[in-house]
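Structure at a glance
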Amino acid sequence: MGLLCSGSCPGTLTLTVPLRAVCCAWSFCCWAHRARVPTTFLKGCSRLFIGNYPPGERKGAPRPASRDTIPGCEMCSPEAFQAQRSQLVGLLVSGSLEGFESILDWLLSWEVLSWEDYEGLSLLGQPLSHLARRLLDTIWKKGTWGCQKLIAAIQEAQNNSQSPELHDRWDPDSLQPTGDLLSHRPALVRRLYSHVEGVLDLVQEQGFVSPYECDEIRLPIFTSSQRARRLLDLATVKANGLAAFLLQHIQELPINPTLPFEAAACKKYSSKLRTMVSAQARFLSTYDGVDNLCLEDIYTENILAVRRDVGVAGSPKKSPATLGLEELFHAGGHLNEDADTMLVVGEAGSGKSTLLQRLHLLWATGRDFQEFLFVFPKALLQRQACDRWCLARTLRKHFHSIPPAVPGEDKSMHAMPGFIWLIRSLYEMREERLARKAVRGLKVGHLKLTFCSVGPTECAALAFVLRHLRRPVALQLDYNSVGDIGVEQLLPCLSICKALYLRDNNISDRGICKLIEHALHCENLQKLALFNNKLTDGCAHSMAKLLACKQNFLALRLGNNHITAAGAQVLAEGLRGNTSLQFLGFWGNSVSDKGAQALAEALHDHQSLRWLSLVGNNIGITGAQALALMLEKNIILEELCLEENHLQDEGVCALAEGLKRNSSLKVLKLSNNHVTCLGAEALLQALERNTTILEVWLRGNTFSVEEIEKLSHRDARLLL
């Protein structure tokens, strides 16, 4: 028996691998040339069958629908804009994520979107339709002008895709390089994307970015233009001169020659496809799923013996005695004009999948098969059969193969998609005994499953298996699609979790309230990280109850949600009765002065909190004064993060007075707060009396180069 995956477009070559015993099936499609292969059967480890598509599948295939038309000015009023929301969502999601990001580029450059708006619309792992709806919500609040600009941005993005010529210019010696990065962003991305690898190497050599930051930008899920955008994003938030360096260096980069729209689009897609295929084809999993092997290290050239088909009429064509990979798949190899489908049959382990994976890697890295414009690998089936005993044994091997922990640290395991498949298989069998046996003796303190496409079904499978663990584990599910339903599915294993990380998972108040309801009865759970979700003031009462009732709870991180002063005031009430919390993260919300006042009052005599982040919360002078009074009385807090607010000199002077009477704070972060030398002078006077504090961050404020040099020499604890 076998599986056949065929295409309907002319010039398509599809290879299908049927399954015998336990084996993998792959299909691939090579566009741009009709590949013709010999009508032969190859002896040895595999057999080849060559056939034709049915005539109806090869010709007359329907043409794809034309691109949606862009709505006109009649849709630019907020009412009409909202009435045509479905059409706009369809338009925004009709292309790729890159097209959506190019629209964001234009909106940023025209100051339609603030930096905070942009960060909320550039979340990894979110469905494009979700981001499109969030963009429409944001634009609608900005009125007719914002609606008009969105329509214009869509038109500009489409026009740019057809005409890559650059007309925008910028001042490489600008006094406001960060602002210029935003206002000239579309031109910078287009100039940078084909040179981004070299620029990344250069900025790392110059010390502007760390190797870790470079690796994050170079993740294989990003295309060249997406890497260019992420480099510009990093330069926008860094205050170390990277923005100015990029403006100067990008101006000197050569402009790529203009290509026709069709050729440019094909080249762009081919580049993205090569990146993806290269990342997938470099490693080969063993049959038990325990090891990942480098294909280059283990691959041995396959030589397939040829056996003539004696039933073919006419004089036999000359054939080579053996057939290699190149002769098998090249359009100029051993030819058969009528063949466009190939069926490979062989026993498990005979090398079928490895053969194809080698082809994928050669094409993606540009070493061979370059006459094909596109090569599409597609895994059809990973396993046909795997009995219960084998599955449990494979899981145990997987767990026991984890390297030992570093002394003093928890043992950590970064799970791969194959692990998720094993867990799902156990769940589908619904065998409690097997699940218990599979995780017996697992000694992992931190289980990381980021970017693993974990949805509600996978959450149910994880809960089914992990609840049998004997030791508490930190479960990290960042950048997945858990959602409210997935949170509910995780509840059965919540009692075994000592920490739960759910960043970027599209979770709302409903899911978190249910989670906290169960967490109140889970002694092990001590940490929750909920960055970049959809939390509002509606979950504040549950959060407050969690803090007030769980006196062993250590960390609560709520960054980049939608919590306002009202929610902060409610949460502060729970904080008053808490004696265990050590880390509280509120960055990127909107607590403002009233929320800051409520939190500050709750922390006057708090006996455990060591780290508080209120970055980017629209806090002004009044909030700073309340926090200053807290510093005078609090004897535990060690780090206070207040970057990207509106403290100004008056607020910083108040904080300086609080520092004079504080004996615990070690780090105070005040970057990007419109501070001048007046505020810096007040801090210097406070530092003369305070010997506990180690760092005061003042980057991104209103200082000249000369002032920065003078202030740095007066006290090295000022980080400018």
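Calculation notes
- Residues numbered from 1 in each chain as written.
- Predicted model: local features only at pLDDT ≥ 70, side-chain atom pairs only at ≥ 80, totals over all residues.
- Heavy atoms only, no water.
- Helix = DSSP H or I, 4+ residues; strand = E, 2+ residues; numbered from the N terminus.
- Contact = heavy atoms within 4.5 Å.
- Areas by Shrake-Rupley, 256 points an atom, 1.4 Å probe, with all protein chains shown as cover.
- Salt bridge = Lys/Arg side-chain N within 4 Å of Asp/Glu carboxyl O.
- Buried < 20%, exposed > 50% of the residue type's maximum accessible area, 1.4 Å probe, protein only.
- Phe/Tyr/Trp six-rings, centres within 6.5 Å; stacked < 30°, edge-to-face > 60°.
- Lys NZ or Arg CZ within 6 Å of the ring centre and 35° of its normal.
- Pairing = 2+ DSSP bridges.

1. Here we look at the overall build of the protein chain
The helix and strand tally for the protein chain stands at 30 helices and 22 strands. A fraction of 78% describes how many contacts in the protein chain between residues 6 or more apart in sequence connect residues 24 or more apart. Surface summary for the protein chain: the accessible area is close to 33,300 Å², and the carbon and sulfur share equals 53%.

2. A word on the pattern of salt bridges
Tallied over the entire structure, the rule returns 23 salt bridges. Glutamate 601 serves as the salt-bridge partner of arginine 576, at 3.8 Å between the closest nitrogen and oxygen. With arginine 576 in helix α25 (residues 565-576) and glutamate 601 in helix α26 (residues 592-602), this pair connects stretches of sequence that are 25 residues apart. Arginine 576 gets classed as partly exposed once you look at its relative accessible area, which sits at 43%. Notably, a salt bridge pairs glutamate 639 with lysine 669, separated by 3.3 Å at the nearest N-O pair. Taken together, the positions of glutamate 639 in strand β19 (residues 639-641) and lysine 669 in strand β20 (residues 667-669) put the pair 30 residues apart, joining distant regions of the chain. We classify lysine 669 as buried; its relative accessible area is 14%. Bridged by salt links that share partners, the residues Glu101, Asp105, Arg185, Arg229, Arg230 and Asp233 form one connected network.

3. Structural notes on the packing of aromatic side chains
According to the stated counting rule, one finds 7 aromatic pairs in the structure shown. A ring pair is formed by tryptophan 115 and tyrosine 118, whose centres lie 5.1 Å apart and whose planes are at 35°; its orientation type is tilted. Taken together, the residues span about one helical turn, with tryptophan 115 and tyrosine 118 both in helix α5 (residues 115-121) at a distance of 3 residues. Tyrosine 118 matches tryptophan 115 in its accessibility class, with the two residues each being buried. Measuring from centroid to centroid gives 5.8 Å for tyrosine 427 and phenylalanine 464, while their planes differ by 65°, and the two rings are edge-to-face. In this pair, tyrosine 427 sits in helix α19 (residues 417-429) while phenylalanine 464 sits in helix α21 (residues 456-466), placing the two residues 37 residues apart along the sequence. Taken individually, tyrosine 427 and phenylalanine 464 each receive the classification buried, so the pair is uniform in this respect. The side chain of lysine 669 reaches across the aromatic face of tryptophan 697, ending 4.1 Å from its centre.

4. Details of the sheet that holds β20
One open sheet accounts for 12 strands, arranged β11-β12-β13-β14-β15-β16-β17-β18-β19-β20-β21-β22; its pairing is parallel. Strands with a single pairing partner mark the edges of an open sheet, and in this sheet they are β11 (412-414) and β22 (718-719). With 3 bridges joining them, strand β18 (residues 611-613) and β19 adopt parallel strand pairing. Within β19, the position partnered with tryptophan 611 by the bridge is glutamate 639.

Geometry only, nothing functional implied.
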